[in-house]
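One letter stands for each residue in the lines below.
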Amino acid sequence: MSDTTQQPVFSIEKLYVKDLSLEVPNAPQIFLERENPQINVQLRTESNAVDEGIFEVALTVTVTAQLPAEKTVFLVEVVQAGIFQIRNVPEEDLEPITMIGCANILFPYAREAVSDAVSRAGFQPVILAPVNFEALFQQNREQAAQQSGTDVPIQ
């Protein structure tokens with residue numbers, strides 16, 4: 001069997017919380033508030049080659065809860081990471097695998113870490129809704145194309 005006909009390899013080597021931070025800047029007064037906060041969720045996925053065919057993918061989830069008048073209830077940020085072995089795949093498939101496939105694997109762990117941290121801070125747990133990483137990936141690609149000027153003008 002030659003190198004060109006080798007089967008693609010994808011495996012999870014390790015999953016871990018790379019960073020976790022929680023801030024409750026207005027405690028203890030914030031616990032006396034009766035209003036429900038506005039929840040803002042931001043996601044970011046990054047991928048780095050660690051070794052030949054080995055990649056670290058990190059999904060950063062930032063959740064901010066604020067009351068009107070910009071009063072922060074809490075801010076939690078989780079960087080859920082994984083080491084993945086990805087071999088024998090075409091170069092153009094690498095980014096979708098890491099940004100969609102790996103992010104889908106990491107998200108449930110990040111969701112659990114966020115919920116646990118918020119609960120430990122004394123608040124009702126925040127249960128993050130499922131995320132369509134494929135749609136996010138396409139959206140980011142389109143934005144990058146527009147910013148670099150490679151899109152076709154609409155007439």
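Being a predicted model, the structure only gives us computed values, none of them experimental. (Residues numbered from 1 in each chain as written. Predicted model: local features only at pLDDT ≥ 70, side-chain atom pairs only at ≥ 80, totals over all residues. Heavy atoms only, no water.)

Draft legend 1. Structural context of the nonpolar core. Within the largest apolar cluster, 32 residues are counted, with the highest numbers of intra-cluster contacts made by Val63, Phe74, Val76 and Val114. No other element matches helix 1 (residues 91-120), which puts 12 residues into this core. Every residue in contact with Val114, bar those within four places of it in the chain, is listed here: Val61, Val63, Val76, Val78, Val126 and Leu128. (Core = buried A, V, L, I, M, F, W, Y, C linked by side-chain atoms within 4.5 Å. Buried < 20%, exposed > 50% of the residue type's maximum accessible area, 1.4 Å probe, protein only. Helix = DSSP H or I, 4+ residues; strand = E, 2+ residues; numbered from the N terminus. Contact = heavy atoms within 4.5 Å.)

Draft legend 2. Quick look at the pairing of strand 3 (residues 54-67). Burial analysis of strand 3 places 13 of its 14 residues in the buried class, which makes it a mostly covered element. Relative to strand 3, strand 2 (residues 38-51) runs antiparallel, the two being bridged by 13 bridges. Directly across from Ala49, in strand 3, lies its bridge partner Phe55. Joining the antiparallel neighbours strand 2 and strand 3 is a turn of 2 residues, in which Gly53 adopts a positive phi near 75 degrees. Where strand 3 meets strand 4 (residues 71-87), 14 bridges bridge the pair, whose relative direction is antiparallel. Residue pairing for strand 4: Leu59 is matched across the bridge by Gln80. Hairpin connection, strand 3 to strand 4: the antiparallel pair is bridged by 3 residues, and Ala69 has positive phi, about 70 degrees. (Pairing = 2+ DSSP bridges.)

Draft legend 3. Examining the environment of Ala69 more closely. Within the secondary structure, Ala69 is located in the loop between strand 3 and strand 4. By relative accessible area, which is 76% here, Ala69 ends up exposed. Taking the C-alpha atoms as reference points, Ala69 and Phe107, separated by 38 residues in sequence, lie 31 Å from one another.

Draft legend 4. Seen up close, unusual backbone geometry. In this structure, the amide linkage connecting Ala27 to the following residue, Pro28, adopts the cis form with an omega of 0 degrees. Within the element layout of this structure, Pro28 appears in the loop between strand 1 (9-23) and strand 2. Its identity is not glycine, yet Glu70 carries a phi of approximately 60 degrees, on the positive side. Relative to the helices and strands, Glu70 resides in the loop between strand 3 and strand 4. Note on Glu70: relative accessible area 63%, which makes it exposed.

Draft legend 5. Expanded view of helix 2 (residues 133-148). Taking 1.5 Å per residue, 16 residues should reach 22 Å; helix 2 reaches 22 Å between its end C-alpha atoms and fits that length. Residue Asn132 occupies the N-cap position of helix 2, its side-chain oxygen lying 3.1 Å from the main-chain nitrogen of Glu134. (Expected span 1.5 Å × (residues − 1). Polar contact = N/O pair within 3.5 Å; in protein donor to acceptor, adjacent residues only side chain to side chain.)

Draft legend 6. Molecular detail of the pattern of salt bridges. Throughout the structure, instances matching the rule amount to 5 salt bridges. For Glu46, the salt bridge identified is with Arg44, shortest N-O distance 3.8 Å. Classification of Glu46 as partly exposed rests on a relative accessible area of 40%. A salt bridge links Arg141 to Glu95; the nearest nitrogen and oxygen atoms lie 3.5 Å apart. Of the two residues, Arg141 is situated in helix 2 and Glu95 in helix 1; the sequence distance between them amounts to 46 residues. Exposure remark for Glu95: the relative accessible area of 40% places this residue in the partly exposed category. (Salt bridge = Lys/Arg side-chain N within 4 Å of Asp/Glu carboxyl O.)

Draft legend 7. Inspection of the environment of Asp19 at higher detail. Along the chain, Asp19 falls in strand 1. Taking the C-alpha atoms as reference points, Asp19 and Arg111, 92 residues apart in sequence, are found 14 Å from one another. Not counting the four nearest positions on each side in its chain, Asp19 is found in contact with Glu77, Val78 and Val79.

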